[in-house]
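# Coordinate inspection notes
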Amino acid sequence: MKFRKVTLAFLLLVSAFGLAACSGSSKDKSEQVSVGIIQYAEHGALTAAREGFVEALGEDGYKEGKNLKIDYQNSQGDQANLQTMVEQLAGKNDLNFAIATPAAQALLNVDSDTPSVFTAVTDPVSAGLVDSMEKPGGNMTGSIDATDVAGQIKMLLKVVPSAKTVGIFYNSSEVNSQVQAEAAQKALEKAGVKVLVKTVTTTNDVQQVMTSLAGQVDAIYLPTDNTVASTASTIGEVLKAKKVPAIGSDEAYLEGVLFTYGVDYHGIGVQAGQMAAKLLKGEKASKVPVQKPKTAAIAVNEDMAMALGFDVATIKALK
């Protein structure tokens, strides 16, 4: 009888520890929550995504200065900085948030346990971040910035119907850019348009390569690309001088192109923030499907339109 009592007490104790462990997997809003943020580079689209993420957490009750502590890191596009920063975040937060594909990959390489959310990633499966869009399978999920590339090409050819040769320009080391570039090439060739592809690996080569490309094409397509976004002003100067219209995939490029047609980065940041709130409440990243953009955005560079002889209202009406 005494043995049975001891056994029962032991089982109750084990059960109590199990319940405590389960309750520790989620955070009550009255508790302090720690969120690490790693942003790959400093440009408008990624910053808008980060702001949307923080806003969404706030709307769900997680507010800075109250119950939310944010450790924000920005690698400024530098791989050495990126590696150091993700190592600083690894294992130290309740949740981590990665903005852009290189940041998400670097974070996953050093921390495959902490619940994590990404955004501004074009193809998380090809990037090795998740097993599938529907069932991520690991510690990461998030919102993507994959655009309707075929729709973008249709828009470009509506705006520049006389284009016989279209250039594609991107950083060949960015997986997300390559995926879109290949899709754009297929869409252009299907439309009977000749394609010329030029790539770079660093910002140092952008001006020279873009100048060469602009001299050989009638229009240019720029996929979502961190190198392109960070050198938009340089690209804009070249295209304005060469009088070549270009389409960009998000508003971070607006300074360098005639118009942008693509993802609302603040919007996908909000989506990521809403997903993060679910994980903080105990849901598993492995079971939260990756989300596609819910809204599209178009913007026209009025100065570029004037310099190239395009009408802003006409471009917007083509949507």
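Rules and cut-offs
- Residues numbered from 1 in each chain as written.
- Predicted model: local features only at pLDDT ≥ 70, side-chain atom pairs only at ≥ 80, totals over all residues.
- Heavy atoms only, no water.
- Phe/Tyr/Trp six-rings, centres within 6.5 Å; stacked < 30°, edge-to-face > 60°.
- Helix = DSSP H or I, 4+ residues; strand = E, 2+ residues; numbered from the N terminus.
- Buried < 20%, exposed > 50% of the residue type's maximum accessible area, 1.4 Å probe, protein only.
- Lys NZ or Arg CZ within 6 Å of the ring centre and 35° of its normal.
- Polar contact = N/O pair within 3.5 Å; in protein donor to acceptor, adjacent residues only side chain to side chain.
- Contact = heavy atoms within 4.5 Å.
- Pairing = 2+ DSSP bridges.
- Axes fitted to C-alpha atoms, helices over the stretch in contact; angles between N-to-C directions.
- Core = buried A, V, L, I, M, F, W, Y, C linked by side-chain atoms within 4.5 Å.

## Focus: the packing of aromatic side chains
In the structure shown here, the tally under the stated rule is 1 aromatic pair. A centroid spacing of 3.7 Å and a plane angle of 5° characterise the contact between Phe 53 and Phe 97, whose relative ring orientation is stacked. With Phe 53 in helix H2 (residues 44-59) and Phe 97 in strand E3 (residues 95-99), this residue pair connects regions lying 44 residues apart in the sequence. Of the two residues, Phe 53 and Phe 97, both sit in the buried class. Residue placement shows Arg 50 over the ring face of Tyr 72; its charged tip is 4.3 Å from the ring centre.

## Topic: the side chain of Thr 141
Relative to the assigned elements, Thr 141 resides in strand E5 (residues 140-144). Of the polar contacts made by the side chain of Thr 141, one reaches the backbone oxygen of Val 288; its length is 2.6 Å. Beyond its immediate chain neighbours, meaning those up to four positions away, Thr 141 contacts Ser 116, Val 117, Phe 118, Pro 136, Met 275, Leu 279, Ala 285, Val 288, Pro 289 and Val 290.

## A look at the sheet that holds strand E1 (residues 33-39)
Read from one edge of the open sheet, 5 strands run E2-E1-E3-E4-E5, paired in parallel fashion. Whereas interior strands pair on both sides, the edge strands pair on one side only; in this sheet they are strand E2 (68-74) and E5. Neighbour-to-neighbour, the strand axes of the sheet open up by a mean angle of 20°, direction not taken into account. Bridge count for strand E4 (residues 116-121) against E5 is 4 bridges, and the pairing is parallel. Opposite Ser 116, over in E5, you have Met 140 as the bridge partner. Of the strands in this sheet, E1, E2, E3 and E4 touch H2, which is tilted by about 170° from E1. Relative to E1, helix H3 (residues 79-89) is tilted by about 170°, and along the sheet it contacts E1, E2 and E3.

## What about the nonpolar core?
Grouped together as the largest cluster of nonpolar side chains are 71 residues, with contacts concentrated most on Ile 38, Phe 53, Phe 118, Leu 129, Phe 169, Ile 220 and Leu 222. Per element, the largest residue contribution to this core is 8 residues, and it comes from helix H10 (residues 265-280). Residues within four places of Phe 169 in sequence aside, it is in contact with Lys 198, Val 200, Val 206, Val 209, Met 210, Leu 213, Tyr 221, Leu 222, Pro 223, Val 228 and Ile 235. Formed by 28 residues, the second largest nonpolar core is a distinct cluster that contains Leu 156, Ala 184, Ala 219 and Tyr 221.

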